[in-house]
Amino acid sequence: MELLLLLPLVIFLSIYCAHGRSITMHVLSDEGDGTPIPSTLFGIFFEEINHAGNGGLWSELVSNRGFEAGGQNTPSNIAPWTPVGSSSDVLLATERASPFARNPIALRVEVLCDSCQAPVGVANPGYWGMDVRAGDEYKIIFWLKAATSSSVVVSFVSSDSSVTLAQSDTINVDGTKGWTKQEIVLKAQATDHYAQLTVTSKEKTVFWIDQVSAMPVETYKGHGFRKDLALMLEELKPRFIRFPGGCYVEGERLQNAWRWRASVGPWEERPGHLGDVWGYWSDDGIGYFEFLQLAEDLDALPIWVFNNGVSHTDEVATSLIGPFVQEALDGLEFALGSSSSKYGALRAQMGHPEPFNLKYVAIGNEDCGKQYYRDNYLQFYYAIKKYYPDISIVTNCDGSYRQLDHPADLYDFHIYTSASNLFNMNHQFDKISRNDGPKAFVSEYAVTGNDAGRGSLLAALAEAAFLIGIERNSDVVHMTSYAPLFVNNNDRRWNPDSIVYDSWQSYGTPSYWVQKFFKLSSGATLLPSNITGSTNVNSVVTSAIRSSDTNDPSIIVKAVNFGNKAVGLKLNIDGSFWNSANSTAVILTSNNVMDENSFSNPTKVVTKTVTMSGKNQMGITLPAYSFMAITVPSLGSNSRDSELHSDM
Ligand code: AHR
């Protein structure tokens, strides 16, 4: 114990293995040292891209459940539904026969055979297959009408239709009753990760179906989010969630932009829309309410990005922008108004009488250069500040290199670039002015292109250095999030991404694992530190923080080695409070810097625990192309494993 009390506390990290390349990091860690890191610093950005929500986080299994899909890549609004039975047995057609005014199309199914040999009707393959597992329950809701009294059966069948995984009792339809809502729970008897849902009959009949939903009974916090994916978000401990885009908010054309009003209310009444930037239809089961709910479930602050009358190809002139401004104000009332207000009442009807914790909005996405952006922005800005003075507003115009010509609380900063550029950008915010101007919201960053592939270690290490730079500049950077968050492996509109999945399996790219290193940073204290080195070790970027748990604080030192040679690191932590003997370390590295994770090897590049070889002299080096976090607990702490260590 006496050894531990020696001042300053020194941890040797196997400096001898590093062939003379070694550096010393001096950290000031006394009480009073350091500057607070914003509690919002690390969050996530959800965009409906790559089937992130539809066919991703939203656990609806049916694709095009209301037969409304259409547009550039979906010439038929029946697809992906397919007939069950031969063309002489069944006829499918859409009709304007829906019971719902805002989504007028329903599917007419004509069964032509009398006493059919096998079930005849229609099948939905979901989003590249439905994950149906033996023993699990699925809630099926749909609207049904028949021309004459007859019966249908709802089933899950295997992808090749050879196995029935679950089947309902016979559902009798009274031909005189018109549309009826059907609700059943199917318990699967067998598993197929790429199953289909069928609605069939064996008798000659005509029936119509509309708004067909199938969801697992068990979802994240019971709110409809796919559990494995939501848990991966939870593991990042995000402090905010920016949504729902990105370009998705703008639309290629304004008529296809995401608008909050169309995404709320009973799901079966939502019209859905074509997300024309990323080229696919959205049933809008995951809408404004669900995003706010997700933020609450993750204990993250929602950051709502709304359209400001600007799309990729058309714009609303400032003289006509009034209805858009009102729409934004109404959206704020939906989130924040009392349940006796018009839109607060709608929120209450949807199951959330209390207001949501919305504190930030962004006016548009990447629109600063557009003709009407600035003038439209001011209309939104002053209207919002008038009615919601506490809401912080994000502008699209970059304030990092020049003074903004309009008021804002934060400015948006996006960067997609090569690994070496992003690595060097760990100094990006060192030089910007420390005046009272708006702070940066680095809401989209990533290494892209050849350096990144579909998510390489190289890209992740450059991102780690960039994030350390942000951590060290968190007096001028208020928030940051990687982009894009999600990709369904069957629809890669953008590479790389943070979390990859298909209908049933998922993994994190190395970039996802890098983000985990920062999950204790928001709200922690940045400790002053400097590096001295025996050689030119420009490849190493470091930071030191003290965690925010005042009862059990730890120092967490992060170090990226972006070079192709190992580097020894000697830690020199000033102060008597720290227990080097119980230090722990985790590392992200791999044999080849271009290594990626995949479904066949999802843990090729993941964080691993570094074995400490001794109590006071621990045999650790910073290997070439690696990212390491060393946690030094306080003397009073009994736990050898910090949260960072044990969770990874
Ligand atoms: O993250 C993908 C896209 O990149 C976003 O939609 C957009 O904001 C940026 O250009």
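Residues numbered from 1 in each chain as written. Predicted model: local features only at pLDDT ≥ 70, side-chain atom pairs only at ≥ 80, totals over all residues. Heavy atoms only, no water.

As named in an unreviewed UniProt entry, the protein chain is non-reducing end alpha-L-arabinofuranosidase, taken from Selaginella moellendorffii. Reading the Sequence similarities (unreviewed entry) entry of the UniProt record for the protein chain gives the comment "Belongs to the glycosyl hydrolase 51 family." Entered under Catalytic activity (unreviewed entry) in the UniProt record, the comment concerning the protein chain runs "Hydrolysis of terminal non-reducing alpha-L-arabinofuranoside residues in alpha-L-arabinosides." (UniProt positions renumbered as here; feature names shortened; annotations may be inferred.)

Caption draft 1: Focus on helix α6 (residues 373-387). Across its 15 residues, α6 extends 21 Å between first and last C-alpha, which sits within 8% of the 21 Å expected from 1.5 Å per residue. Considering only its buried residues, α6 is in contact with β20 (301-306), α4 (322-336), β21 (360-363) and β22 (392-395). (Helix = DSSP H or I, 4+ residues; strand = E, 2+ residues; numbered from the N terminus. Expected span 1.5 Å × (residues − 1). Contact = heavy atoms within 4.5 Å.)

Caption draft 2: Main features of helix α8 (residues 457-472). Compared with an ideal rise of 1.5 Å per residue, which puts 16 residues at 22 Å, α8 spans 22 Å between its outermost C-alpha atoms and is within 8% of the ideal. Within α8, 15 of the 16 residues are buried, leaving the element largely enclosed by the surrounding structure. (Buried < 20%, exposed > 50% of the residue type's maximum accessible area, 1.4 Å probe, protein only.)

Caption draft 3: Representation of the packing of aromatic side chains within the structure. On inspection of all chains with the given rule, the structure shows 37 aromatic pairs. Plain terms: the ring middles of W260 and F334 are 5.4 Å apart, the flat faces sit at 45° to each other, and that makes the pair tilted. Taken together, the residues W260 in the loop between α2 (247-250) and β18 (273-275) and F334 in helix α4 connect sequence positions 74 residues apart. Take W260: its relative accessible area is 1%, and that puts it in the buried class. Residue classification places F334 among the buried residues on the basis of a relative accessible area of 0%. Measuring from centroid to centroid gives 5.2 Å for Y381 and Y382, while their planes differ by 90°, and the two rings are edge-to-face. Look at Y381 and you get buried, because its relative accessible area is 10%. (Phe/Tyr/Trp six-rings, centres within 6.5 Å; stacked < 30°, edge-to-face > 60°.)

Caption draft 4: Just the sheet that holds strand β28 (residues 506-508), in detail. Across the sheet, which stays open at both edges, the three strands sit in the order β26-β27-β28 with mixed pairing between neighbours. Two strands in the sheet have a free side with no partner beyond their single neighbour: β26 (486-488) and β28. Direction aside, the axes of adjacent strands within the sheet are offset by 20° on average. Sheet analysis places β26 next to strand β27 (residues 499-501), joined by three bridges and oriented parallel. Bridge pairing links N488 to Y501 in β27. (Pairing = 2+ DSSP bridges. Axes fitted to C-alpha atoms, helices over the stretch in contact; angles between N-to-C directions.)

Caption draft 5: Seen up close, the site of the ligand. Taken together, E47, G246, C247, W278, N365, E366, H414, Y416, E444, A483, P484 and W494 make up all the residues around the ligand. With respect to the ligand, the backbone of C247 contributes an N or O atom lying 2.8 Å from an oxygen atom. Note that an oxygen atom of the ligand is positioned 2.8 Å from one of the side-chain N or O atoms of E366. Relative to its unbound accessible surface of 280 Å², the ligand loses 94% to contact with the protein. Here the residues of the shell around the ligand are counted per class, giving six nonpolar, three polar and three charged. (Near = heavy atom within 4 Å. Polar contact = N/O pair within 3.5 Å; in protein donor to acceptor, adjacent residues only side chain to side chain. Areas by Shrake-Rupley, 256 points an atom, 1.4 Å probe, with all protein chains shown as cover. Nonpolar A, V, L, I, M, F, W, Y, C, P; charged D, E, K, R; others polar.)

Caption draft 6: Region of interest: the domain arrangement of the protein chain. Partitioning the protein chain into domains gives domain 1 (9-37 + 524-646), domain 2 (44-59 + 219-409 + 423-451 + 475-502) and domain 3 (82-216). With 20 residues of domain 2 at the interface, the matching set in domain 3 holds 13 residues. Roughly 1,400 Å² is buried in total at the junction of domain 2 and domain 3, and carbon and sulfur atoms are behind 59% of that figure. Here domain 2 and domain 3 share zero salt bridges between them. In this structure, the connection of domain 2 to domain 3 is made through four residue pairs in polar contact (both at pLDDT 80 or more). Of the residues that constitute the side of domain 2 that touches domain 3, the class distribution is five nonpolar, eight polar and seven charged. (Domains from an automatic or database assignment. Buried area = accessible area lost by both parts, 1.4 Å probe. Salt bridge = Lys/Arg side-chain N within 4 Å of Asp/Glu carboxyl O.)

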